[in-house]
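Given next are the chains, with one letter for each unit.
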Amino acid sequence: MKTGNYTQYKTTSAVCYHCGESCKAEIVDFDAKHFCCDGCKLVYELLKENSLCTYYNLNNAPGNSPGVSAYSGKYSYLDDTKVAEKLVRYSDENFTHITFYIPKIHCSSCIWLLENLNRLNEGVISSSVNFLRKETTVQFNSKKIKLSEVAELLARIDYEPLINLDALEQKAPAKSNREQVIKIGLAGFCFGNSMMLSFPEYFSVGDFKGQENLSYFFGYLNLLLALPVFFYSASGFFVSAWKSIRYRYLNIDAPIALAILVTFTRSVYEIISHTGSGYIDSMTGIVFFMLIGRYFQNKTYETLSFERDYKSYFPVGVTIKENGKEVSKPVSELKKGDHIIIRNSELIPSDAILLSNHTHIDYSFITGESAAVKKRAGELIYAGGKQLDGAIELKVQNPVSQSYLTQLWNQDKKTTTEKDTTYVDKINKYFTIAVLSIAFLSAVYWLPTDSSKALNALTAVLIVACPCGLLLTTTFANGNILRIMGRNKFYLKNAGVIEKLSQIDTIIFDKTGTITYGSQVEFKGKPLAEKELQLVASLAAQSSHPLSRKLYTEYAKDKIYEVSEFREIPGNGIKGKVNGNYLVLGSAYFVTGTVKAEDTKSAKVYCMLNGELMGYFSFQNAYRPGLEKLVNTLSEKFKLKLLSGDNDSEKIHLQTMFGESTDLFFEQKPKDKMHYVQQLQKNGHRVMMVGDGLNDAGALNQSDVGIAVSDNTNNFSPACDAILDGSSLSKLPAFIQFAKSGKKAIITTFVISLVYNIIGLSFAVQGTLSPVVAAILMPASSISIVLLTTALTSITAKFLRLN
């Protein structure tokens, strides 16, 4: 029973009041509430002391269970002036502004708590949250609280900031959409007002019946409205066209810029010479609709990073030993001979010699090998490995910039320099030639009889046959495709990836982390009763080894028994007395005294209970749901390959799944994967690489389409063309088909837009194109194109069951 606000520990089932997780090992009772650990209880106490328990009213169990990585002094490196200067946004004698990336932000309770940091520490002045980017901006008084203390405050309430080496790099700021939005707004304003001022001209067909001065006045107003559109809103088309001409390449912006220039020039001439009203409304309308299309297409996923390198995953600081004391030091300043301390689950930032007795390193980040590697004192550990046991001491051999990992990343660069030409560029090339030919021939035809009509025909053809229909079709179709794919958790870097996706003929899969997620446990031997499995879970709970944690997670139920005489031999196994039973878990040699040949390729934990060998727990990769159906569907249209850094222990199973005709390669190094992609490309194949880790980075970058699979799109993903949520991997065939259908939709809509051009050209070649006809054709063509492309791509998505 509980009386008062004291802590009581139990061993029955409950759900944690703070984080909502099941209290498997024990229940910590405090303030008439259940907590799964002391960490959750301490966060609750902190919030209660500062009257912030409204946090729990906004969402049910909104917290996160505190990890063990936020140890005291972890953020001391933030007080280093060189580091702080590169991280803070603004700083003076009293105030400092900094933005932290916090992956754990997930609900309204998170926002509320993080925006009330000032109630937890008076040194914090204010804080605000960008939910989509998972960022928190903190303004604090640097005389009352240090930068490292701000980070520690966030870690104490379960919102540990993620600060990596990449944050220290001085980068060019990302181009903001603000200027593009201003250009669209300005063009839209001028277009609407120009249309209104042109109404009298439309209805009277250019005759104001004696009110010529009013006609001239409206004309000059129209001209005034055209100036900012021509010189500012449309400037991007002229810059792009000029760049393409300089490089002897005709992009789609070149004929569009020419059409805008001709329209503007002719309109200026007609208005100033009083020979006509010009086509200002058509010009501003063309620019307005095309800018909207471009914005719609380029509005991709700002919160995702498609250009990450190894620095995005390395910590900014590391603990080093100097004169027997532990101090924090920026990773970038590590030098050969430094002694560093690496704790459980931390990445090793540089090549180093192990000084501690032994440890286990997870190299899956680099090689893709899922099994932990045992290391002994004196052995070299490469940068990028993750420490799996307790704290270890290492001696730096190479600084970060010269480590094996850095060399690996820098060599993974795409070797081809061939310029890709899209089908839109090809259509534009022939379309431009045809338009210029028609314009020239029309002028030649009328020149002998009427030079004025010849000039009108020349300019009118260029105005009417502007390829804005092709541009609008492409931008709105691609924009809608990007939107629908994103809604299905497939995030493309840009619209150019859509066409490349539709052209691939070969698909390469990585194994670990791509087509697998985690591992599954199977016991082989004498059947274990439920109580005996609880004994195993109770013993496994005492160890931090990954296999022990997996056993605990898999079999821990309502009750965990008390363990006595516990002993762990690192790298071998654990043993102890559990509820009166003597239990041994570990390697075959540790448990039985003999080594079994089959142990070399798969992870096994042997079990001996009260002196009797019961069998072993086998750890196998768990494959993603629907993988077999996915492989069967793709194999009908594409050549499939598998490149894995892991061993071939599951080759028979995978060969059965992929088919005998599929090439499977194991124990592949990053170089091997990249070279294999290059070889396929040399043989004329269009290659898609589907991977997840650094060991796939070179192949992802080299391939025509590199897709990084991630179960959390805000976390790790190497440089790539697209990020695919692991839960949507089964939809890959539909995504590829959707990309191909998008191309058909663009061509279909463009053909329809040609009908409008033909109608307009019938007037233009005769030199009789009036502002009324131009004003009707332009918006009718633009609006119908937007509606049709959006409808076609949306209908196709529903047909492919993309919601």
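Keep in mind the model is a prediction, meaning the values are calculated, not measured.

### Let's talk about the overall build of the chain
Here's step 1: When its secondary structure is counted, the chain shows 24 helices and 29 strands.
Here's step 2: Split into buried and exposed, the 803 residues of the chain put 51% on the buried side.
Here's step 3: Entry remark: accessible area of the chain is about 37100 Å², with carbon and sulfur atoms responsible for 54%.

### Some points on unusual backbone geometry
Here's step 1: Here Glu565, not a glycine, exhibits a phi torsion of approximately 55°, which is positive.
Here's step 2: Relative to the assigned elements, Glu565 resides in strand β20 (residues 563–569).
Here's step 3: In this model, Asn579 sits at a positive phi of 50°, which is unusual for a non-glycine residue.
Here's step 4: For Asn579, a relative accessible area of 39% puts it in the partly exposed group.

### Points about the sheet that holds strand β4 (residues 88–91)
Here's step 1: Taking strand neighbours across the sheet as the criterion, the four strands line up as β4-β5-β7-β6 in an open arrangement whose pairing is antiparallel. The open sheet has two free edges, formed respectively by β4 and β6 (124–130), since each of these has just one partner strand. On average, adjacent strands in this sheet sit at an angle of 15° to one another, irrespective of strand direction.
Here's step 2: Of the pairings in the sheet, the one linking β6 to strand β7 (residues 135–141) comprises six bridges and is antiparallel in character. Looking at β7, one finds that Val124 is bridged to Phe140.

### Observations regarding the environment of Glu21
Here's step 1: Relative to the elements of secondary structure, Glu21 occurs in the loop between β1 (8–10) and β2 (27–30).
Here's step 2: For Glu21, a relative accessible area of 43% translates into the label partly exposed.
Here's step 3: Along the chain, Glu21 and Cys36 lie 15 residues apart, while their C-alpha atoms are 7.1 Å from each other.

### A word on the packing of aromatic side chains
Geometrically, a pair of aromatic rings is defined through the distance of the ring centres and the angle of the planes.
Here's step 1: Applying the stated criterion to the full structure yields 16 aromatic pairs.
Here's step 2: Ring geometry for Tyr606 against Tyr616: centres 5.2 Å apart, planes inclined by 45°, an arrangement best described as tilted. Separated by ten residues along the polypeptide, Tyr606 in strand β23 (residues 603–609) and Tyr616 in strand β24 (residues 612–623) bring together distant segments of the chain.
Here's step 3: In textbook terms, an aromatic cluster arises when at least three aromatic residues are bridged by ring pairs, as seen for Phe230, Phe231, Phe238 and Phe264.
Here's step 4: Directly above the ring of Tyr232 sits Lys183, whose terminal nitrogen or CZ lies 5.5 Å from the centroid.

### Quick notes on the confidence of the model for the chain
Here's step 1: The share of residues in the chain with pLDDT of 70 or more is 80%, and the mean pLDDT across the chain is 79.
Here's step 2: Mean pLDDT across the elements of the chain bottoms out in β1 (42) and peaks in strand β18 (residues 506–509) (95).
Here's step 3: Of the regions scoring below 50 in pLDDT, residues 1–13 engages in 36 contacts with residues more than four places distant in sequence or in other chains.

### Let's talk about the side chain of Ser356
Here's step 1: Here Ser356 is to be found in the loop between β11 (352–354) and β12 (358–362).
Here's step 2: On the basis of relative accessibility, which here comes to 19%, the residue Ser356 falls in the buried class.
Here's step 3: A distance of 2.8 Å separates a polar atom in the side chain of Ser356 from the backbone nitrogen of Glu393.
Here's step 4: Once you skip the residues sitting within four places of it in the chain, Ser356 turns out to touch Ala377, Ile392 and Glu393.

### Here's the deal with the pattern of salt bridges
Here's step 1: The tally for this structure, following the rule as stated, stands at twelve salt bridges.
Here's step 2: Note that Arg266 is salt-bridged to Glu270, the shortest N-O span being 2.9 Å. In this pair, Arg266 and Glu270 both sit in helix α9 (residues 253–273), four residues apart, roughly one turn of the helix. Accessibility assignment for this pair places Arg266 and Glu270 in one class, buried.
Here's step 3: Linking Arg343 and Glu326 is a salt bridge whose minimum nitrogen-to-oxygen distance equals 3.2 Å. With a gap of 17 residues between them, Arg343 in the loop between β10 (339–342) and β11 and Glu326 in strand β9 (residues 325–330) connect regions that are remote in the sequence.
Here's step 4: Taken together, the shared-partner salt bridges in this structure form one network comprising Asp510, Lys673 and Asp696.

Cut-off values and rules
Residues numbered from 1 in each chain as written. Predicted model: local features only at pLDDT ≥ 70, side-chain atom pairs only at ≥ 80, totals over all residues. Heavy atoms only, no water. Helix = DSSP H or I, 4+ residues; strand = E, 2+ residues; numbered from the N terminus. Buried < 20%, exposed > 50% of the residue type's maximum accessible area, 1.4 Å probe, protein only. Areas by Shrake-Rupley, 256 points an atom, 1.4 Å probe, with all protein chains shown as cover. Pairing = 2+ DSSP bridges. Axes fitted to C-alpha atoms, helices over the stretch in contact; angles between N-to-C directions. Phe/Tyr/Trp six-rings, centres within 6.5 Å; stacked < 30°, edge-to-face > 60°. Lys NZ or Arg CZ within 6 Å of the ring centre and 35° of its normal. pLDDT = per-residue confidence, 0-100. Contact = heavy atoms within 4.5 Å. Polar contact = N/O pair within 3.5 Å; in protein donor to acceptor, adjacent residues only side chain to side chain. Salt bridge = Lys/Arg side-chain N within 4 Å of Asp/Glu carboxyl O.

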